[in-house]
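Observations on the model geometry
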Amino acid sequence: MSILNSHIPEGSISEKWSNHKANIKVVSPANKMKLEIIVVGTGLAGASAAASLSELGYNVKAFCYQDSPRRAHSIAAQGGINAAKNYQNDNDSVYRLFYDTIKGGDYRSREANVHRLAEVSPNIIDQCVAQGVPFAREYGGLLSNRSFGGVLVSRTFYARGQTGQQLLLGAYSALNRQIAEGNVKMYTRHEMLDLVTIDGKARGIIARDMVTGEVKRFGAHAVIIASGGYSNVFFLSTNAMGCNCSASWVCYKKGAFFANPCFVQIHPTCIPVHGSQQSKLTLMSESLRNDGRVWTPKKMEDAEKLRKGIIGPNDIKDEDRDFYLERRYPSYGNLVPRDVASRAAKERCDAGYGVNKEGKAVYLDFKYSIERLGKHTIEKRYGNLFQMYEKITDSDPYKEPMQIYPAIHYTMGGTWVDYNLMTTIPGLYALGEANFSDHGANRLGASALMQGLADGYFVIPYTIGDYLAGEIRVPKIDTNRPEFVEAENAVVARLEKLFHIKGKTPVDHFHKKLGQIMWDKVGMARNAEGLTEAIKEIQELRVEFYKDLLVPGELKNVNPELEKAGRVADFIELGELLARDALNRNESCGGHFREESATDEGEAKRDDENFAYVAAWEYKGIDNEPVLHKEDLVFETIHLTQRSYK
Amino acid sequence: MADIILKKIYVKVWRQNSPKAKGRFETYEVINVSQGTSFLEMIDILNDELILAGKDPIAFDHDCREGICGMCSLYVNGHAHGPDTVVTTCQLHMRRFTEGQTITIEPWRVGAFPVIKDLMVDRTAFEKIQQAGGFVSVNTGGVPDGNVIPIFQDDAEEAMDAAACIGCGACAATCKNSSAMLFVAAKVSQFAKLPQGQVEAKKRAKAMVAKMDELGFGGCTNTGACELACPKSISIAHISRLNREYLKAKLAD
């Protein structure tokens, strides 16, 4: 019997959320004024939660490591946000969005959470419109939609190729109003370095002021982690340079279980890696697959000539192009889900049909849609993305197809949460990408924005009341308590330890080494042998890190190298857990592909009999193996089938 | 295409250890940089060498490295976000530079943006301007359906043009008066083009302009330099709209 209780409410799938809301406790306005909540991270989930909770009357302290909450990495989401509005009359519904998300996630997410997500999705669009988010509109003045991978309807709302930016600025504006009214105290350039628990409950955090270097204590009646995902464990990813797992990781080490770390999304359309000096990868929105066709040459000799630069893509005739997604998946074509598209690209490149010098790129071609719709229409739809591509690669996508290749983009795994989004530590919540709950083994495009805002605007404001109603007699948390002193001392000791190693190797070198191990052995295709090696190599890297790290500068000043050192130390530990989880999950599902578990056609083969569970890991000390707890996934509404996009 | 390797370039960079410390320029050599490398990756390479040589690396703000978060700044050879057009510093590539060139890098020089360390500046002033009125006062929940109010497509597009502002500060950094008018205009104009922004239009224009003045940003003298420096091509036509909104608000007083 699992010790995990997901607290899924009773009733049919469409009644669970209503039933739950009717049954959970509510805190009175007079008591909300006495309660404090800490929110770590100010992306879509964090900013929307901080603003909404403060509007309800709670006292909120919000933290971000950037110089402004507006810079959180949600800002970089391009393509759009899904919502079951059915404005297009194309037979969309809450049920269909729910079904698509469960299927897209390869049946590894929790039905009840996903249905709730689909239920609240229409409210998000209304909220954003009311905030003044300039969504794309039709000539008649109504909201416009487009299609995304893995679905057969048009339910994606967008603001050019900058949807994440506009939604975040909407949440940021709501947050700003609360800051101005004094209901939210905003701490920018602050990094959370530990969680403080008192009698087993989350009661505060320790954070470092990244300008002065001062380590500070902050108390609250509840703590919300909305600090994003852990893609940067791979070093090269589409995440921002500062994105890190440390807030989640310290919670894990304080007792919050970490779920499904091996579920990592590899996005099929990124600008390929070039050279060895690259610091990050740039995504080209999935929306491009609405109008771009993916291909590689049919003939090996053409591929070889392309790699040598003897011919260009436009020299290859249509009949000599292999539109491999349309060939393999005729019903979804270029709009298959991300995991499928990524593996198909890898398959072509591994077979020798890659088109750049390194043989690790395929084409995304707009020639056909430009012929059909005109350059003007394509420019209107994707102008900023085309410009971005040209600035990076020096190649004009209106004239030559884009070169693309898969890259690490998003992490479905994260801190384990129950239906209330509470972790295994009472009073500690995880929202948005930081939790694990909604996307299973693969996230559909335009669903990250939906989940972040659903959690922040429409879930946590309700569910947190159920816990805080029991805390109304707890006075303001005293940060002079021994638990705070002890946590602060531990943080200071750790910073000093990292700083005083004074070895010979800057932190980035370790990060790159870790990334290489992860990409080679824990990347798009995994097997038991490679994963076992990876665990060993990561452990060795950890030893080397603590022997040979070189952190320059001062402890009590701006010190980006010190910040990175702490983050990479955590990434090394998380990388090991990720590999361990991947080794345990001997099935292929979604973004997790085990070579041992494939169909004859090379498609991922799920094993529902043995792996229809959430793997939640419990920390047992740095030198001990973590303990696996299983939350069985019960599918009451949707029948489990092998996923097919053919 | 094969990118050329720049065998040697010189980087002349502003070093300042803390807000109160005296700053100075220092020149460093950077060797073997591919022209396909981004400008910030070039600084990464230089920093790696500095660390290995036992020196303090250069502190600079950056995050998304794809031109949208607005965290990066810098004057590169006197231009905000460097010599390329319509890009942020993080999107600038070494293709724009040549063998043996000296590249001068400075932090934003704006009174309201004090230097924190080296190339990092404090842009809290922009936060305060947004907090003064850069929002529509609606709480979460209880709002009408998104399609209840149709919005002219052209208006939505123009609002989006303005809303594209990333809050980097290049406008104020380029303006000879250190004016933040383009930044303020971007937000006021976005809301001015949308029905949702109308209710608080007067209050917003006055509050944001007053806050900008209070924080020590200069006035606008219509030189148009901000528009040229803006990595998102935000037009000074939005400043005209801000002026109209402001005037309307003042006349109603």
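Reading guide: rules and limits
Residues numbered from 1 in each chain as written. Chains lettered and ligands numbered in written order. Predicted model: local features only at pLDDT ≥ 70, side-chain atom pairs only at ≥ 80, totals over all residues. Helix = DSSP H or I, 4+ residues; strand = E, 2+ residues; numbered from the N terminus. Contact = placed C-beta atoms within 7 Å. Rg over C-alpha atoms; globule rule 2.2 N^0.38 Å. Buried ≥ 20, exposed ≤ 12 C-beta atoms within 10 Å, placed from the backbone. Pairing = 2+ DSSP bridges. Domains from an automatic or database assignment. Nonpolar A, V, L, I, M, F, W, Y, C, P; charged D, E, K, R; others polar. Expected span 1.5 Å × (residues − 1). Arc of directions from axis to C-beta. Axes fitted to C-alpha atoms, helices over the stretch in contact; angles between N-to-C directions. Core = buried A, V, L, I, M, F, W, Y, C linked by C-beta atoms within 7 Å. pLDDT = per-residue confidence, 0-100. Parallel < 35°, antiparallel > 145°, perpendicular 65-115°, else oblique. Left-handed = near helix turned anticlockwise from the far one by under 90°.

**Observations concerning the overall build of chain B**
Helix and strand content of chain B: 8 helices and 7 strands. Each principal axis of the C-alpha atoms in chain B carries an extent, and together these give about 60 × 45 × 35 Å. When contacts within chain B are restricted to residue pairs at least 6 apart in sequence, those whose partners lie at least 24 apart make up 69%.

**Remarks on the overall build of chain A**
For chain A, the count of helices and strands is 18 helices and 22 strands. The C-alpha atoms of chain A give a radius of gyration of 24 Å, which matches the 26 Å a tight globule of 646 residues would have. Over its C-alpha atoms, taken along the principal directions, chain A stretches across nearly 75 × 60 × 50 Å. In chain A, which comprises 646 residues, the share counted as buried stands at 62%.

**With respect to the sheet that holds strand β13 (residues 293–297) of chain A**
In sheet architecture, strand pairing relies on hydrogen bonds along the backbone and comes in two forms, parallel and antiparallel. All names here are of chain A. One open sheet holds the 5 strands; their spatial order is β12-β16-β15-β13-β14, and the pairing between them is antiparallel. Two strands close off the open sheet at either side, each with one partner strand: β12 (264–270) and β14 (321–322). As defined by bridge partners, β12 adjoins strand β16 (residues 402–411) across 5 bridges and the pair is classed as antiparallel. Bridging across to β16, glutamine 265 finds its partner in tyrosine 410.

**Description of the domain arrangement of chain B**
Residues and elements named next belong to chain B. Each assigned domain of chain B is listed here: domain 1 (5–116) and domain 2 (123–252). Of note, the centres of domain 1 and domain 2, computed from C-alpha atoms alone, are 30 Å apart. Residue-level contacts link 16 residues of domain 1 with 17 residues of domain 2. Across the side of domain 1 that touches domain 2, the residue classes break down as 9 nonpolar, 6 polar and 1 charged.

**Side note on helix α8 (residues 237–252) of chain B**
Residue and element names in this part refer to chain B. The first and last C-alpha atoms of α8 sit 23 Å apart over 16 residues, in line with the 22 Å expected at 1.5 Å per residue. Every buried residue of α8 is accounted for by His238, Ile239, Arg241, Leu242, Glu245 and Tyr246. Seen from one end, α8 has its buried residues packed into an arc of 160°, which puts them on one side. Among the exposed residues of α8, those oriented more than 90 degrees off its buried face are Leu247 and Leu251. The inward-facing, buried residues of α8 contact α3 (153–163), α5 (181–192) and α6 (201–214).

**Some details on the domain arrangement of chain A**
All names here are of chain A. Assigned domains within chain A: domain 1 (268–408) and domain 2 (480–632). Spacing between the C-alpha centres of domain 1 and domain 2 amounts to 32 Å. Listed as interface residues are 6 residues of domain 1 and, on the opposing side, 5 residues of domain 2. Top contributing element to the side of domain 1 that touches domain 2 by residue count: helix α10 (residues 338–353), with 5 residues. By residue class, the composition of the side of domain 1 that touches domain 2 is 1 nonpolar, 1 polar and 4 charged.

**Some thoughts on the sheet that holds strand β5 (residues 102–106) of chain B**
Residue and element names in this part refer to chain B. Taken in spatial order, the 5 strands make up an open sheet running β2-β1-β5-β3-β4, and their pairing is mixed. Strands with a single pairing partner mark the edges of an open sheet, and in this sheet they are β2 (24–34) and β4 (79–80). As paired strands, strand β1 (residues 5–15) and β5 are joined by 4 bridges and run parallel to one another. Its bridge partner lying in β5, valine 11 is registered against isoleucine 103. Against the sheet, helix α1 (residues 39–52) touches β1, β2 and β3 (75–76), its axis set at about 105° to β2.

**Description of the nonpolar core**
In this structure, Ile224, Ile225 and Tyr429 of chain A together with Leu182 and Val184 of chain B are the most contacted members of the largest nonpolar core, which totals 291 residues. Residues contacting leucine 182 of chain B, with those up to four places away along its chain left out, are Cys171, Cys226, Glu227, Cys230, Ile234, Ile236 and Ile239 of chain B.

**Here's the deal with the interface of chain A and chain B**
In this complex, chain A contributes 65 residues to the contact, which on the side of chain B involves 64 residues. At the level of secondary structure, the elements contributing two or more residues to the side of chain A that touches chain B comprise α3 (44–56), α5 (111–131), α6 (163–180), α12 (375–393), α13 (448–468) and α17 (560–584) of chain A. Among the elements that take part in the side of chain A that touches chain B, α6 of chain A stands out by supplying 9 residues, more than any other. Among the residues forming the side of chain A that touches chain B, the class breakdown is 27 nonpolar, 24 polar and 14 charged.

**Comments concerning the confidence of the model for chain B**
Mean pLDDT over chain B stands at 97; residues scoring 70 or higher make up 99%. Predicted complex, confidence summary: ipTM 0.98, pTM 0.97.

**Points about the packing of helix α16 (residues 528–548) of chain A against α17 of chain A**
Residues and elements named next belong to chain A. Relative to each other, α16 and α17 sit at 165°, their axes nearing to 9 Å. The angle between α16 and α17 places the two elements in the roughly antiparallel class. In the crossing of α16 with α17, the sense of the turn from one axis to the other is left-handed. Contacts from Ala528, Leu531, Thr532, Ala534, Ile535, Ile538, Gln539, Leu541, Arg542 and Phe545 of α16 reach α17 at Ala569, Ile572, Gly575, Glu576, Ala579, Arg580, Ala582 and Leu583. Here the residues of the contact of α16 with α17 sort into 12 nonpolar, 3 polar and 3 charged.

**Topic: helix α4 (residues 94–104) of chain A**
Residue and element names in this part refer to chain A. In terms of burial, α4 is largely enclosed, as 8 of its 11 residues are buried. The set of residues buried in α4 consists of Val94, Leu97, Phe98, Asp100, Thr101, Ile102, Lys103 and Gly104. The secondary structure elements touched by the buried residues of α4 are β3 (81–82), α5 and β5 (154–157).

**Some details on the environment of phenylalanine 323 of chain A**
Residues and elements named next belong to chain A. As for its placement among the helices and strands, phenylalanine 323 is situated in the loop between β14 and α9 (324–328). On a C-alpha basis, the gap between phenylalanine 323 and proline 297 in space is 8.6 Å, while along the polypeptide they are 26 residues apart. Those residues in contact with phenylalanine 323, other than ones at most four positions away along the chain, are Arg293, Val294 and Trp295.

**Considerations on the environment of asparagine 334 of chain A**
Residue and element names in this part refer to chain A. Of note, asparagine 334 is situated in the loop between α9 and α10. Classification of asparagine 334 as buried rests on a count of 21 C-beta atoms within 10 Å. C-alpha of asparagine 334 to C-alpha of glycine 150: the two residues are 184 residues apart in sequence and 9.7 Å apart in space.

**Some points on the environment of cysteine 262 of chain A**
Mapped onto the fold, cysteine 262 of chain A is located in the loop between β11 (258–259) and β12. If we skip the residues at most four places from it in the chain, cysteine 262 of chain A touches Gly413, Leu578, Asp581, Ala582, Arg585 and His592 of chain A.

**Things to note about unusual backbone geometry**
Unlike most non-glycine residues, lysine 502 of chain A shows phi in positive territory, near 50°. One can find lysine 502 of chain A in the loop between α14 (482–500) and β19 (505–506). For lysine 502 of chain A, a count of 11 C-beta atoms within 10 Å puts it in the exposed group. Its identity is not glycine, yet serine 233 of chain B carries a phi of approximately 55°, on the positive side. Its place among the elements puts serine 233 of chain B in the loop between α7 (225–229) and α8.

**Notes on the packing of α6 of chain B against α8 of chain B**
Residues and elements named next belong to chain B. Between α6 and α8, the shortest axis-to-axis distance is 8 Å and the interhelical angle comes to 110°. Considered as vectors, α6 and α8 are oriented roughly perpendicular to each other. Taken together, the residues of α8 that come into contact with α6 (itself represented by Ala201, Lys202, Ala205, Lys206 and Val209) are Leu242, Glu245, Tyr246, Lys248, Ala249 and Ala252. Split into classes, the residues belonging to the contact of α6 with α8 amount to 7 nonpolar, no polar and 4 charged.

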